[in-house]
Amino acid sequence: MLSRVSTYLYLRPKLVLGLLLVPPLLWFLVIYIGSLISLLVNSFFSLDSFTGQIVREFTLKTYAKLFETSNLQIFARTTIMAALVTIACAALAFPLSYYMARFATPRMKTFLYIGVTLPLWSSYVVRVYSWKLILAQEGIVSWFARIVQLDGLLDWYLSLPIVGGPSLAISSTGVFLVFVYIWLPYMVIPIQTALERVPKSLIEASSDLGAKPAQTFRNVILPLAFPGVIAGSIFTFSLTLGDFIVPQLFGSSAYTIGRAVLTFQGTSNNIPLAAAFTMGPILIMIVYLLIARKLGAFDAL
Amino acid sequence: MLSKNTSQPSVERGSRWLQASAIAVLLFLHIPMWLIFLYSFTTDTAAYTFPPPGLTLKWIPQALSNPEMQAALSLSIRVASLATVAALILGTLAAAAVYRSDFFGKEAISFMLLLPLALPGIVTGIAMRSAMSLISIPFSYWTIVIGHATFCVVVVYNNVLARFRRSGGSMIEASMDLGANSFQTFWHIVLPNIGTALLAGAILAFSLSFDEVIVTTFTAGQQETLPIWILGQMFKPRSRPITNVTAMLVVIITALPILLAQRITAGSSDTEGSNK
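Since we're looking at a predicted model, the values are computed, not measured.

1. What to know about the overall build of chain B
- Of the regular secondary structure elements, chain B holds eleven helices and zero strands.
- Moving toward the C terminus, one meets the helices and strands of chain B in the order α-α-α-α-α-α-α-α-α-α-α.
- Expected size for 276 residues packed as a compact globule is a radius of gyration near 19 Å; at 24 Å, chain B overshoots this value by more than 25%.
- Judged by the C-alpha coordinates and their principal axes, chain B covers about 75 × 70 × 35 Å.

2. Here we look at the overall build of chain A
- Regarding its fold elements, chain A presents 14 helices and two strands.
- Here chain A has a C-alpha radius of gyration of 25 Å; the compact-globule value for 301 residues is 19 Å, and the former is much larger.
- Principal axes of the C-alpha set define a box for chain A whose edges measure 65 × 60 × 40 Å.
- Within chain A, buried positions represent 53% of all 301 residues.
- In chain A, once contacts between residues fewer than 6 apart in sequence are set aside, the share between residues at least 24 apart is 67%.
- For chain A, the accessible surface area stands at approximately 14300 Å², while carbon and sulfur atoms represent 69% of it.
- Here chain A contributes 20 positively and 11 negatively charged side chains, and the mean placements of these two sets differ by 11 Å.

3. So, the nonpolar core
- With 172 residues, the main nonpolar core has Leu 96, Tyr 124, Trp 183, Phe 250 and Phe 277 of chain A as its most contacted residues.
- Considering every element that reaches this core, the biggest residue donor is helix H4 (residues 69-102) of chain A, with 15 residues.
- Each residue touching Leu 96 of chain A, except ones within four places of it in the same chain, is listed here: Leu 112, Val 116 and Val 188 of chain A together with Ala 22, Val 25 and Leu 26 of chain B.
- If you look at the next biggest cluster of nonpolar residues, it comprises five residues, including Leu 75, Val 79, Ile 144 and Ala 220 of chain B.

4. Concerning a nonpolar patch on the surface
All names here are of chain A.
- Taken together, Phe 144, Ile 147, Val 148, Leu 150, Leu 153 and Trp 156 make up a surface patch of nonpolar side chains, about 620 Å² in accessible area.
- If you list the elements that add at least two residues to the nonpolar patch, you get helix H7 (140-147) and helix H8 (151-159).
- Topologically, Leu 153 is positioned in helix H8.

What counts, and at which threshold
Residues numbered from 1 in each chain as written. Chains lettered and ligands numbered in written order. Predicted model: local features only at pLDDT ≥ 70, side-chain atom pairs only at ≥ 80, totals over all residues. Heavy atoms only, no water. Helix = DSSP H or I, 4+ residues; strand = E, 2+ residues; numbered from the N terminus. Rg over C-alpha atoms; globule rule 2.2 N^0.38 Å. Buried < 20%, exposed > 50% of the residue type's maximum accessible area, 1.4 Å probe, protein only. Contact = heavy atoms within 4.5 Å. Areas by Shrake-Rupley, 256 points an atom, 1.4 Å probe, with all protein chains shown as cover. Lys, Arg positive; Asp, Glu negative; His and termini not counted. Charge placed at Lys NZ, Arg CZ, Asp CG, Glu CD. Core = buried A, V, L, I, M, F, W, Y, C linked by side-chain atoms within 4.5 Å. Patch = residues over 30% accessible without salt bridge, like charges linked within 9 Å, V, L, I, M, F, W, Y side chains within 5 Å. Salt bridge = Lys/Arg side-chain N within 4 Å of Asp/Glu carboxyl O.

Remember that the coordinates give geometry; whether it matters functionally is a separate question.
Below, the structure written as structure tokens:
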């Protein structure tokens, strides 16, 4: 019986392909793509401000709200933070990736690789939590500042507008630090992959032709590693753009895209506005991905 | 030649400087997690004083017997288990389909599977929330599981597909030539071959689901998974020592399987960490 079924299936590869594809395809089309479509649909609805009910009629009212000054500021604030986090991640990741790709012995490389991927896969919430401990007023940073007698400097820094706040745990500097910490591994791996692919012969050729190491680095290695940086930046940028937990825990009351979306759908049940708001990061990411593809980032993934 | 000789010492210096900064970055990635371990033993209950005023073991049994924590842990494990099973089935089916045949839209499938992880979590979260609002689905255990399974599929898919590509089809052909039917071939050849890839994929999917908080926020309603419980503790700390110990527990629960998954797939680039 079984072997007859087997022969039947063997003679009909298209049927087998269909049987294999239908469950995952159905799941993704119905649940995921369906959800995305419902997001789009919802963004064209509006909330009746008197009844608090969602009005299921086509309107552009909700989108118009995005262009109010306070909402534009939210987009600007979040995008600037994402850009700064991305730059800092790239700056920190580069030396580590470079060392991993070019100098580390195979054993050291495995060790470093695990050292980078372990935080990547370990609990996001717990890693965020650890910074609550570090940045707290009575925590390790303040303690260290006292020991090296720089607490005056820390207080002065915190008194500055924009970057400062009541304590490091409630300041945009805190948000920035935690973001850099959380997303850094996403930057290290793609840069390392890109650097691994730089052929040794090119580097030797460059130095044979009389280039100093610094020149080789600038003119040969850096351009070839750049797609890796862009690939990593896709992650750091997109993740910062959508995150609402870090700004909520460490930020001032100023909203970011993520916090705005969370609040709209939660307390006010304004799913249409939340949906329209989400189109912001989706659009930003699409533009970003198009630029990244132009710069060759997808070969480095 | 001359330039090479003169540049040699600076290469040495450069690599030492590089090593130092590489180690510094690595420490930056790890010290915060070690601090959680330290804080699990502090006698301080009201603040996050550093250095801890004293050390004690008494929080560990208290945390383990905390009913709220237990309830959250149990929900997380139940969600992650079912999401992993769903991801294993869907991911393996998709990988088998993509590996064995060429068909229209093949590239699009990989892309679609990756999308829930590649887009910011908030997009997946609010999309599911809006679908639930549109057709009035109430929050439940199942809404959490469905959300999690959706973004877990791709890790299984990546692992299994990489294994298929590496092992090639000749074994399967040989088995069929020797008279085994499709089912026997699957049972005796394919399954043992992709076994460790499935295991690694399952581990990664489980820990991905176990940790997830952003999509869960939108699909869970009032239910608390463990990460959501910890998050709640951060906003309104009710018991810092118990939160500290729970955080340590989560690090251990997720780190050990991941080290295992690394070992299983060591030497190959099966685990696409950067695709998380």
